[in-house]
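If you want the building blocks of each chain, they are given just below.
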Amino acid sequence: MKIYPLPEAITNKRYEVNESPPNTKHGRCDNTGLKMMVPLDSSEASRFVRTHELAHLKWSPESAIEEAKKHEVSLDALLACEDARVNILALGAIREKAFDMGKLGPIEVKTVELLGEKAAGGDLNAERELVLLMIAGYRVKGVECLSSVSSKEARNVANNAINIIIRDHTSFNSTIRAAREIDDIYKLKEATIERKRRLNQ
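So, a few notes on the structure that sits alongside this text.

1. So, the nonpolar core
At step 1: Counting 49 residues, the largest nonpolar core has Met36, Cys81, Val131, Ile135, Ile165 and Ile182 as its most contacted members.
At step 2: Going through the elements one at a time, strand S3 (35-38), helix H1 (44-59), helix H3 (75-94), helix H4 (106-120), helix H5 (124-136), helix H7 (152-167) and helix H8 (173-199) are the ones with two or more residues in this core.
At step 3: At 9 residues, H3 tops the list of elements feeding residues into this core.
At step 4: Here isoleucine 135 is in contact with Ala80, Cys81, Ala84, Ala158, Ala161, Ile162, Ile165 and Ile182, once residues within four sequence places are set aside.

Next up, the structure:
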């Protein structure tokens, strides 16, 4: 039996709901095009994705791209921080402590391990991606491996951003502030690396 979410219970607009590709737990909520893609099976992981995307419908701005441009923050940082904020709001609404995604698949685990190896080797982009994944996975069981492959410094960056969101999670402004902090930290790191590179030439 397929379980369809009901966007119309939250908004007076009619959404087109499509099923995620087979064997995936991908979700997407397009508040501009009025489309939603979610897994429709009865697993706990799929229930999380449906709840999460409905929460985006209820609490997120219509266009993340426009908000990123307006506030001059990177889109990926904004999306990760908004995922964390939406998780907090959704869990508060359904009175649960955490979502359960189950265990990551072997391909996902290998991807995380590779990111960890690259980050440990000094790849800033990989480190930043791990930070964003940790933030987006806030209060989601099953993604603990992200912390285990990340450096203490990366975990601190993620935790600081999460704390910014927690303090004012009812406001989208907390998402912007946290995203800006991440952008500023990695711009400074990039500038420091570039300065050292020039000095060593």
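2. Some points on the pairing of S3
At step 1: In terms of strand pairing, strand S1 (residues 16-19) meets S3 through 4 bridges, oriented parallel. Paired with asparagine 18 across the strands is methionine 37, a residue of S3.
At step 2: Note: strand S2 (residues 28-30) against S3, 3 bridges, orientation antiparallel. Its bridge partner being in S3, cysteine 29 is matched across the sheet by methionine 36.
At step 3: Counted between consecutive antiparallel strands, the loop separating S2 from S3 contains 4 residues, among which leucine 34 sits at a positive phi close to 60°.

3. Comments concerning the pattern of salt bridges
At step 1: Counting across every chain of the model gives 11 salt bridges.
At step 2: Between glutamate 153 and lysine 189 there is a salt bridge; the shortest N-O distance is 3.0 Å. Here glutamate 153, found in helix H7, pairs with lysine 189, found in helix H8; they are 36 residues apart in sequence, far enough to count as distant.
At step 3: Given the relative accessible area of 47%, glutamate 153 is considered partly exposed.
At step 4: One connected set of salt bridges, linked through shared partners, spans Glu44, Arg47 and Glu96.

4. Some words on the state of the cysteines
At step 1: Within this structure, the stated rule accounts for 0 disulfides.
At step 2: Unpaired in terms of disulfides, cysteine 81 finds its nearest cysteine sulfur in cysteine 29, a separation of 18 Å.
At step 3: Classification of cysteine 81 by relative accessible area gives buried; the value is 0%.

5. A few points about H4
Residues lying three or four places apart along an α-helix face the same way, a consequence of the helix completing one turn every 3.6 residues.
At step 1: Taking 1.5 Å per residue, 15 residues should reach 21 Å; H4 reaches 21 Å between its end C-alpha atoms and fits that length.
At step 2: Where H4 is buried, its residues touch H5 and helix H6 (145-148).
At step 3: Looking one or two residues past H4, glycine 122 carries a phi angle of roughly 100°, positive in sign.

6. Quick look at a nonpolar patch on the surface
At step 1: A cluster of nonpolar side chains, namely Ile65, Leu75 and Leu79, defines an oily patch on the protein surface of about 240 Å² accessible area.
At step 2: By secondary structure assignment, the location of isoleucine 65 is in helix H2 (residues 64-71).
At step 3: A residue is classified by how much of its surface remains accessible, and isoleucine 65, at 46% relative accessible area, is partly exposed.

7. Remarks on the sheet that holds S1
At step 1: Judged by pairing direction, the sheet is mixed, and its 3 strands sit side by side in the order S1-S3-S2 without closing on themselves. Edge positions in the sheet fall to S1 and S2, since each of these pairs with one other strand and no more. Taking the axes of each pair of neighbouring strands and ignoring which way they run, one obtains an average angle of 15° across the sheet.
At step 2: In the packing of H1 onto the sheet, the strands contacted are S2 and S3, and the crossing angle to S3 comes to about 160°.

8. Considering unusual backbone geometry
Note on backbone geometry: most residues besides glycine have negative phi, and most peptide bonds are trans.
At step 1: The backbone of glutamate 72 sits at a positive phi, close to 55°, despite the residue not being glycine.
At step 2: Mapped onto the elements, glutamate 72 comes out in the loop between H2 and H3.
At step 3: Classification of glutamate 72 by relative accessible area gives exposed; the value is 68%.
At step 4: The phi dihedral of arginine 139 is positive, around 65°, even though this residue is not glycine.
At step 5: With respect to the helices and strands, the residue arginine 139 is situated in the loop between H5 and strand S5 (140-141).

Conventions and cut-offs
Residues numbered from 1 in each chain as written. Predicted model: local features only at pLDDT ≥ 70, side-chain atom pairs only at ≥ 80, totals over all residues. Heavy atoms only, no water. Core = buried A, V, L, I, M, F, W, Y, C linked by side-chain atoms within 4.5 Å. Buried < 20%, exposed > 50% of the residue type's maximum accessible area, 1.4 Å probe, protein only. Helix = DSSP H or I, 4+ residues; strand = E, 2+ residues; numbered from the N terminus. Contact = heavy atoms within 4.5 Å. Pairing = 2+ DSSP bridges. Salt bridge = Lys/Arg side-chain N within 4 Å of Asp/Glu carboxyl O. Disulfide = S-S within 2.5 Å. Expected span 1.5 Å × (residues − 1). Patch = residues over 30% accessible without salt bridge, like charges linked within 9 Å, V, L, I, M, F, W, Y side chains within 5 Å. Areas by Shrake-Rupley, 256 points an atom, 1.4 Å probe, with all protein chains shown as cover. Axes fitted to C-alpha atoms, helices over the stretch in contact; angles between N-to-C directions.

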